[in-house]
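Listed below are the residues making up each chain.
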Amino acid sequence: MTPRQMQFVREYLVDLNATQAAIRAGYSARTANEQGARLLADVSVAAAIKAAMDERSRRTGITADRVLKEVAKLAFLDIAGAFNADGTMKPLHEIDPDVRAALAGLEVAEITGDEGQAVGRLRKIKLADKTANLTLLMRHLGMLNDKVKLQGDADNPLALLIREVQGSSLKPVQNPSDDDEGECVRPVH
């Protein structure tokens, strides 16, 4: 690998943005997008990136399994670990470690009486977004399909929307220039 390719590998690890890594490695900003894509496709550069990422995972202990376990903790959190049997909130050091890991915020306020003496404390906890973490897990497990199928799908939401907006029916027709490339949808009046 050239010195500039090695610099690209180091820069790519910063933010995983090939265009910005190419610019920081000294490639022209005008062609950085193309250069970044070309460098990522280069076998030796791709191997160097993989080796560097594997080394970083080993060194930091941050692996895909560990991240997935943490997301699962947030998604399946039981808030009961933050409270005593009588419903009062536990002191922070007694809160279940998985619940502590899910804390996005903790607010404590002293409540004072008429003469300024402390009469109690108000504690508020904010947890990580459970829905967002469940969504990440569902996406990981293939339970969500965020892609819209456009070709050859008469019940496609986009085709239904077009039909509704135009007030006409849509019939699949063969594209005369690409006979074996599939169907295209054309409004029929």
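Thresholds, definitions, all that
- Residues numbered from 1 in each chain as written.
- Predicted model: local features only at pLDDT ≥ 70, side-chain atom pairs only at ≥ 80, totals over all residues.
- Heavy atoms only, no water.
- Axes fitted to C-alpha atoms, helices over the stretch in contact; angles between N-to-C directions.
- Helix = DSSP H or I, 4+ residues; strand = E, 2+ residues; numbered from the N terminus.
- Parallel < 35°, antiparallel > 145°, perpendicular 65-115°, else oblique.
- Contact = heavy atoms within 4.5 Å.
- Nonpolar A, V, L, I, M, F, W, Y, C, P; charged D, E, K, R; others polar.
- Buried < 20%, exposed > 50% of the residue type's maximum accessible area, 1.4 Å probe, protein only.
- Lys, Arg positive; Asp, Glu negative; His and termini not counted.
- Salt bridge = Lys/Arg side-chain N within 4 Å of Asp/Glu carboxyl O.
- pLDDT = per-residue confidence, 0-100.
- Pairing = 2+ DSSP bridges.
- Polar contact = N/O pair within 3.5 Å; in protein donor to acceptor, adjacent residues only side chain to side chain.
- Left-handed = near helix turned anticlockwise from the far one by under 90°.

Chemist: Sorry, what's going on with the packing of helix H1 (residues 3-15) against helix H3 (residues 32-41) here?
Modeler: Orientation of H1 relative to H3, taken along the N-to-C sense of each, is 95 degrees, at an axis distance of 11 Å. Taken together, the axes of H1 and H3 are roughly perpendicular relative to one another. The residues of H3 that touch H1, namely those facing Gln5, Phe8 and Tyr12, are Gly36, Leu39 and Leu40. Its residues assigned to classes, the contact of H1 with H3 shows four nonpolar, two polar and no charged.

Chemist: Got a minute to help me understand the side chain of Lys90 in this structure?
Modeler: For Lys90, the location among the structural elements is in the loop between helix H5 (64-75) and helix H6 (97-101). For the buried Lys90, no salt bridge is present, and the opposite-charge side chain at shortest range is Glu94, 6.2 Å distant.

Chemist: For this particular structure, what's the right way to read the confidence of the model for the protein chain?
Modeler: When pLDDT is low, close inspection of the predicted coordinates is not appropriate. When pLDDT is averaged across the protein chain, the result is 82; 78% of the residues are at 70 or more. Of the regions scoring below 50 in pLDDT, residues 178-183 engages in eleven contacts with residues more than four places distant in sequence or in other chains.

Chemist: Looking at this structure, I do not really get the pairing of strand E2 (residues 118-127). What am I missing?
Modeler: Within a regular strand, side chains alternate between the sheet's two faces. When strand E1 (residues 103-112) meets E2, the two strands line up antiparallel, connected through nine bridges. Considered in E2, the bridge of Leu106 is made with Ile125. Counting the residues in the hairpin turn of E1 and E2 gives five residues, including Gly116, whose phi is positive at 85 degrees.

Chemist: What's the story with the environment of Thr2 in this structure? I'm lost.
Modeler: Tracing the backbone shows Thr2 in the segment before H1. Here the alpha-carbon distance between Thr2 and Val45, two residues 43 residues apart in the chain, equals 9.7 Å.

Chemist: Got a minute to help me understand the side chain of Glu11 in this structure?
Modeler: Of note, Glu11 is situated in helix H1. At a separation of 2.7 Å, a polar atom in the side chain of Glu11 contacts the side chain of Gln7. Ignoring sequence-local partners within four residues, the contact set of Glu11 consists of Ala21, Arg24 and Ala25.

Chemist: Looking at this structure, how should I read the packing of H1 against helix H4 (residues 43-60)?
Modeler: Axis angle and axis distance: for two packed helices, these are the angle between their axes and the distance between the axes, and together they describe the pair. At a closest axis distance of 10 Å, the pairing of H1 and H4 adopts a crossing angle of 40 degrees. By the angle between their directions, the pair H1 and H4 is classed as oblique. Note that H1 runs across H4; the crossing there is right-handed. Between H1, through Gln5, Phe8, Val9, Tyr12 and Leu13, and H4, the contact on the second element is made entirely by Val45, Ala48, Ile49, Ala52, Met53 and Arg56. Per-class residue counts for the contact of H1 with H4 are nine nonpolar, one polar and one charged.

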